[in-house]
Amino acid sequence: MTTASLVAPAASPAGGPVNPPPTSRRHLDEMLARLRDGAARFVRWSIPERIRLIRELQAGMLAHAEALVRASCQAKGIPPASPLAGSEWATGPWSVVRQLRLLAESLEHLASRGTTPLGKVSRTAAGGLIAQVFPTNRIDGVLFSGITTEVRFQPGWTERDLEGRGTFYHGGTHDGRTVLILGAGNLAAIPAMDVLTKLFNEGKACLLKMNPVNAYVGPILERAFAAAIRQDVLRVAYGGPAEGEYLINHQDTQEIHLTGSDQTYDRICWGPPGPERELRRTRNQPLIGKPITAELGNVSPVIVVPGPYRRGELAFQAASIAGAFTSNAAFNCCTP
């Protein structure tokens, strides 16, 4: 996983898309001021208003999907007509459009039933609570046949505790907040999906600072998500370490989210490497007092359980693991 903010900008590959220039500090100030005002209004939006915005963003992403894939292929040297381009569709517009569909479905359930969809709820042998969270509809059941996902909760959780899903939509969580998103540099979908999560799961206005590695994605996202920009709940900024540090410490940045490396996270929270950083970490005294969330790189284990497998089943699983490893040249945070 690439670092999210505090990295030197990379030059565009020969013939590749050109990254926008860094955003000036005056413009960053203006962006945050507009978002601050937009956040105060956005927190009062009704669910139907949010669903309408989701549909507009979905239409925008569909309209610009081909441009997004074409730019990603160009940057990575992938022939647009080759099978390899399929990876850019899957890790670009396909994922974003799917998330928007799921968000709209969840908000429709919230409006009509007061909560979001949930699959089968059961118990472990020790009595712990299990909730199936995927698939929850026929589309995903067909597309991901044979795959299920479940959440296993800490001891003491009950079915009643699950009724609190969608915390923001049950009121009283905040009165309008602005979050700085330090975008991921590996996949085109992740910056967009981070924005959608903060907008619609948490009800917060977003300033997305693109990673210098894939800043060429930013202008396409600005066009696709123009409806959110018009409502002053989204702005997209560009630049490297200097712009990232300025935004992190800006008075109008109330929260921070990054997708990137542990080195970036440690630099933001604890400062540059050295004795002072280790002392801060030991004392749990981060440099910033703002809430920060992060999705950081890792290597994910794959567990193959014993069982009677047919040759074709083993070949399918082997191909799935190999495909997951080679996807995006293993430049993913969930690479096996």
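It should be emphasised that the depicted structure is a prediction, and the values quoted were computed from it without experimental measurement.

Student: Could you give an account of the pattern of salt bridges, naming the residues involved and the relevant values?
Tutor: A complete count under the given rule lists 23 salt bridges for this structure. Where Arg36 meets Asp37, a salt bridge forms, and the shortest distance between an N and an O atom there is 3.8 Å. A residue is classified by how much of its surface remains accessible, and Arg36, at 39% relative accessible area, is partly exposed. A relative accessible area of 39% places Asp37 in the partly exposed class. The partner of Glu255 in a salt bridge is Lys204, with the nearest N and O atoms 2.8 Å apart. With Glu255 in strand β7 (residues 255–260) and Lys204 in the loop between α7 (189–201) and β5 (205–209), this pair connects stretches of sequence that are 51 residues apart. Classification of Glu255 by relative accessible area gives buried; the value is 10%. Exposure remark for Lys204: the relative accessible area of 9% places this residue in the buried category. The structure contains a network of salt bridges with shared partners spanning Arg177, Lys198, Glu202, Lys204 and Glu255.

Student: Could you give an account of the pairing of β7, naming the residues involved and the relevant values?
Tutor: Along β7, six of the six residues are buried, which leaves the element largely enclosed by surrounding structure. Burial of the side chains of β7 extends over both faces: Glu255, His257 and Thr259 are buried on one face and Ile256, Leu258 and Gly260 on the other. Two elements, strand β4 (residues 178–182) and β7, share four bridges in a ladder whose sense is parallel. Bridge assignment links Ile181 to a residue of β7, and that residue is His257.

Student: Give me the confidence of the model for the protein chain: which residues, what numbers.
Tutor: On average, residues of the protein chain score 91 in pLDDT, and 96% of them reach the 70 mark or higher. When the criterion is pLDDT under 50, residues 1–13 qualifies, and its contacts beyond four places in sequence or with other chains add up to 53 contacts.

Student: Give me the sheet that holds strand β1 (residues 121–123): which residues, what numbers.
Tutor: The three strands lie next to each other as β1-β2-β3, forming an open sheet whose pairing is antiparallel. Pairing within the sheet leaves two strands with one partner each, and these edge strands are β1 and β3 (149–152). Adjacent strand axes in the sheet meet at a mean angle of 35°, parallel and antiparallel pairs treated alike. Two strands pair when backbone bridges link them, and strand β2 (residues 129–134) and β3 are joined in this way by four bridges, in the antiparallel orientation. Bridge pairing in β3 places Phe134 opposite Thr149.

Student: Outline the environment of Pro83, listing residues and values.
Tutor: Topologically, Pro83 is positioned in the loop between α3 (65–76) and α4 (85–90). For the pair Pro83 and Leu221, spaced 138 residues apart in sequence, the C-alpha separation works out to 24 Å.

Student: Describe the sheet that holds strand β8 (residues 292–296), with residues and values.
Tutor: One open sheet holds the five strands; their spatial order is β6-β5-β4-β7-β8, and the pairing between them is parallel. With one partner strand each, in any of the chains shown, β6 (234–237) and β8 form the two edges of the open sheet. Taken pair by pair, the neighbouring strands of this sheet meet at an average axis angle of 15°, ignoring direction. Of the strand pairs in this sheet, β5 and β6 are connected by four bridges, and their pairing is parallel. Bridge pairing in β6 links Leu208 to Val236. Set on the sheet, α7 makes contact with β4, β5, β6, β7 and β8; between it and β5 the angle comes to about 165°.

Student: Quick rundown of unusual backbone geometry? Include the residues and the values.
Tutor: The omega torsion of the bond from Phe134 to Pro135 falls at -5°, within 30 degrees of zero and hence cis. With respect to the helices, strands and loops of the structure, Pro135 is situated in the loop between β2 and α6 (138–143). Phi at Asp232 takes a positive value of approximately 60°, unusual for a residue other than glycine. Its place among the elements puts Asp232 in the loop between α9 (226–230) and β6.

Student: Any chance you could break down a nonpolar patch on the surface for me, citing the residues and the numbers?
Tutor: A cluster of nonpolar residues, Val302, Ile303, Val304, Val305, Tyr309, Leu314 and Ile321, forms a patch on the protein surface that exposes about 650 Å² of accessible area. Relative to the assigned elements, Val304 resides in the loop between β8 and α13 (311–326). The class for Val304 is exposed, based on a relative accessible area of 60%.

Student: Explain the environment of Pro135 to me, and be specific about the residues and the numbers.
Tutor: Considered as a pair, Pro135 and Gly119 are 16 residues apart in the sequence and their alpha carbons are 7.5 Å apart. The residues contacting Pro135, other than those within four sequence positions of it, are Asp140, Gly141, Ile147 and Thr148.

Student: Go over the packing of aromatic side chains, please, and point to the residues and values.
Tutor: Evaluated as defined, the whole model comprises six aromatic pairs. Here Phe42 and Phe200 contribute two aromatic rings whose centre-to-centre distance is 6.4 Å and whose plane-to-plane angle is 75°, an arrangement assigned as edge-to-face. With Phe42 in helix α1 (residues 25–42) and Phe200 in helix α7, this pair connects stretches of sequence that are 158 residues apart. With respect to burial, Phe42 and Phe200 carry one shared label: buried. Ring geometry for Phe168 versus Tyr169: centroids 4.9 Å apart, planes at 80°, classification edge-to-face. Taken individually, Phe168 and Tyr169 each receive the classification buried, so the pair is uniform in this respect. The aromatic ring of Phe42 is capped on one face by Arg50, whose charged end is 4.3 Å from the ring centroid.

Rules behind the numbers
- Note that residues are indexed from 1 along each chain, following the sequence as it is written.
- Owing to the predicted nature of the model, reporting of local features is limited to residues with pLDDT of at least 70; listing and counting of side-chain atom pairs is limited to 80 or more, with chain, interface and lining totals taken over all residues.
- Just so you know, side-chain values use all the structure's heavy atoms and leave hydrogens and water out.
- A pairing counts as a salt bridge when a side-chain nitrogen of Lys or Arg comes within 4 Å of a carboxyl oxygen of Asp or Glu.
- Working definition: with a 1.4 Å probe on protein chains only, accessible area under 20% of the residue-type maximum means buried, over 50% means exposed, and in between means partly exposed.
- Each helix is a run of DSSP H or I of at least 4 residues and each strand a run of E of at least 2, with the numbering of both proceeding from the N terminus.
- For two strands to pair, DSSP has to find at least two bridges joining them.
- pLDDT is defined as a per-residue confidence score from the predictor, taking values between 0 and 100.
- Any two residues having at least one pair of non-hydrogen atoms within 4.5 Å are treated as being in contact.
- Geometry is summarised by axes, namely lines fitted to C-alpha atoms with helices restricted to the contacting stretch, and by angles between N-to-C directions that run from 0 to 180 degrees.
- Each patch groups residues whose relative accessible area exceeds 30% and which form no salt bridge, using 9 Å between like charges and 5 Å between nonpolar side chains of Val, Leu, Ile, Met, Phe, Trp and Tyr.
- Shrake-Rupley sampling with a 1.4 Å probe provides the accessible areas, and residues are treated as covered by the protein chains on show and by no other component.
- The aromatic pairing rule takes the rings of Phe, Tyr and Trp, using the six-membered ring of Trp, and pairs them if the centres are within 6.5 Å, calling planes under 30 degrees apart stacked, those over 60 edge-to-face and the rest tilted.
- Throughout this description, the term charge over a ring refers to an Arg CZ or Lys NZ atom that lies within 6 Å of the ring centre and within 35 degrees of the ring normal.

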